[in-house]
Amino acid sequence: NANYLINIGDVIDLKLWGAHDFTQQLTVDSQGNIFITKVGTVKVLGLENKRLSQEIEKSIKRVYKTNVYVYADLVKYQPVSVFVTGAVNKPGLYEGLSSDSIIQFLDKAKGINSSTGSYRFINILRNNSVLKSVDLYEFLEKGKLNLFQFQMGDVIVVESIKYYLNVKGDVKRPYRFELKDKEIESHKLFSMVLPNATATNFLIREWNLNNQQEASLHALDEMLILKNGQEVEVIQDHINQFIEIAITGEHANVKNIVIKKGTTLAE
């Protein structure tokens, strides 16, 4: 990971040659430094991995002006312990690397509870404050995931699901879909549920304050605002202009024909 930020406890393999020969594996100390013989301390905490050799070389050039060559390589990451809590199947303290993704830590906790857990409201806490909020729907739909570097003692909190719509019928994804807010535009929902080519309409069902169910039918391309808790059913509602006829008995032609509605028996 070229963008990995050097952390306390990481181990760096350092080689110098030319006017000064030096080969050693150095551990980043509690102050974020490494110590190089005849050079002194070099601050590396927070450096990007891809800039490691370059930044160490700058410090060495202050002592050895010419004819010293530098190669530095990160050989060992410092493991971190992260708490995973909230609506997961197995809350607990889990070890990993600071460069691990949030997906890897959630996997260690046996995943998000599919009945109660939110995939859209996941917070990462550091020192009891929210450092980052994660919405996994981009990952579920497109595979996109922003990398985040964890530190020792970070906490991942999966919140309970807040807003959702149940979708069924003539779609490729007949599931419960979680919403970011209490409402969503119908075309945005359908971009997630993927109606089949045969779908034409959708039904909306909901319960009113009198405990009575209300229902309405709409064309698939109609723009509506859908609300938390509603049930959406995508259906086929085609108008057939033709009918299929089966003919049996003593006759000398085809046994099955398709004709327009209204055709007479004589025809």
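In this text, all values refer to a predicted model and were calculated from it rather than measured experimentally.

Chemist: In this structure, what is going on with helix 1 (residues 52–61)? I would like to understand it.
Modeler: For an α-helix the count is 3.6 residues per turn, leaving residues at separations of three or four pointing the same way. Of the residues making up helix 1, those classed as buried are Leu52, Glu55, Ile56, Ser59 and Ile60. Mapping the buried residues of helix 1 onto a view down its axis gives an arc of 140 degrees, with all of them on the same face. If you follow the buried residues of helix 1, they end up packed against strand 1 (11–18), strand 3 (33–36), strand 4 (40–43) and strand 5 (68–76).

Chemist: Quick question: what am I supposed to make of the side chain of Ser59 here?
Modeler: Here Ser59 shows up in helix 1. On the basis of relative accessible area, Ser59 is assigned to the buried category, the value being 14%. Sequence-distant contacts of Ser59, defined by excluding residues within four places in its chain, comprise Val39 and Val42.

Chemist: Help me out: how do you make sense of the environment of Gln25 in this one?
Modeler: Along the polypeptide, Gln25 turns up in strand 2 (residues 22–27). In sequence terms Gln25 and Val11 are 14 residues apart; their C-alpha atoms lie 6.4 Å from each other. When residues no more than four places from it in sequence are discounted, the contact partners of Gln25 are Val11, Ile12, Asp13 and Val75.

Chemist: Sorry if this is basic, but what is going on with the packing of aromatic side chains here?
Modeler: For any pair of aromatic rings, the description rests on two quantities: the centre-to-centre distance and the angle between the ring planes. Evaluated as defined, the whole model comprises five aromatic pairs. Here the aromatic rings of Trp17 and Tyr69 are separated by 5.9 Å at their centres, their planes lie at 25 degrees, and the arrangement is stacked. Linking Trp17 in strand 1 with Tyr69 in strand 5, this pair joins segments that are 52 residues apart in sequence. Arranged with centres 5.0 Å apart and planes meeting at 65 degrees, the rings of Phe105 and Phe150 form a pair that is edge-to-face. One end of the pair, Phe105, is in helix 2 (residues 102–108); the other, Phe150, is in the loop between helix 3 (137–142) and strand 10 (155–160), and 45 residues separate them in sequence. Accessibility expressed as a relative area gives 1% for Phe150, which makes it buried. One aromatic cluster is present, built from ring pairs that chain together Phe105, Phe148 and Phe150. Taking NZ or CZ as reference, Arg176 lies 5.6 Å from the ring centre of Tyr164, over its face. Sitting over the ring of Phe121, Lys180 keeps its end group 4.9 Å from the ring centre.

Calculation criteria
- Residues numbered from 1 in each chain as written.
- Predicted model: local features only at pLDDT ≥ 70, side-chain atom pairs only at ≥ 80, totals over all residues.
- Heavy atoms only, no water.
- Buried < 20%, exposed > 50% of the residue type's maximum accessible area, 1.4 Å probe, protein only.
- Helix = DSSP H or I, 4+ residues; strand = E, 2+ residues; numbered from the N terminus.
- Arc of directions from axis to C-beta.
- Contact = heavy atoms within 4.5 Å.
- Phe/Tyr/Trp six-rings, centres within 6.5 Å; stacked < 30°, edge-to-face > 60°.
- Lys NZ or Arg CZ within 6 Å of the ring centre and 35° of its normal.

Limitation: the analysis is restricted to geometry and does not speak to function.
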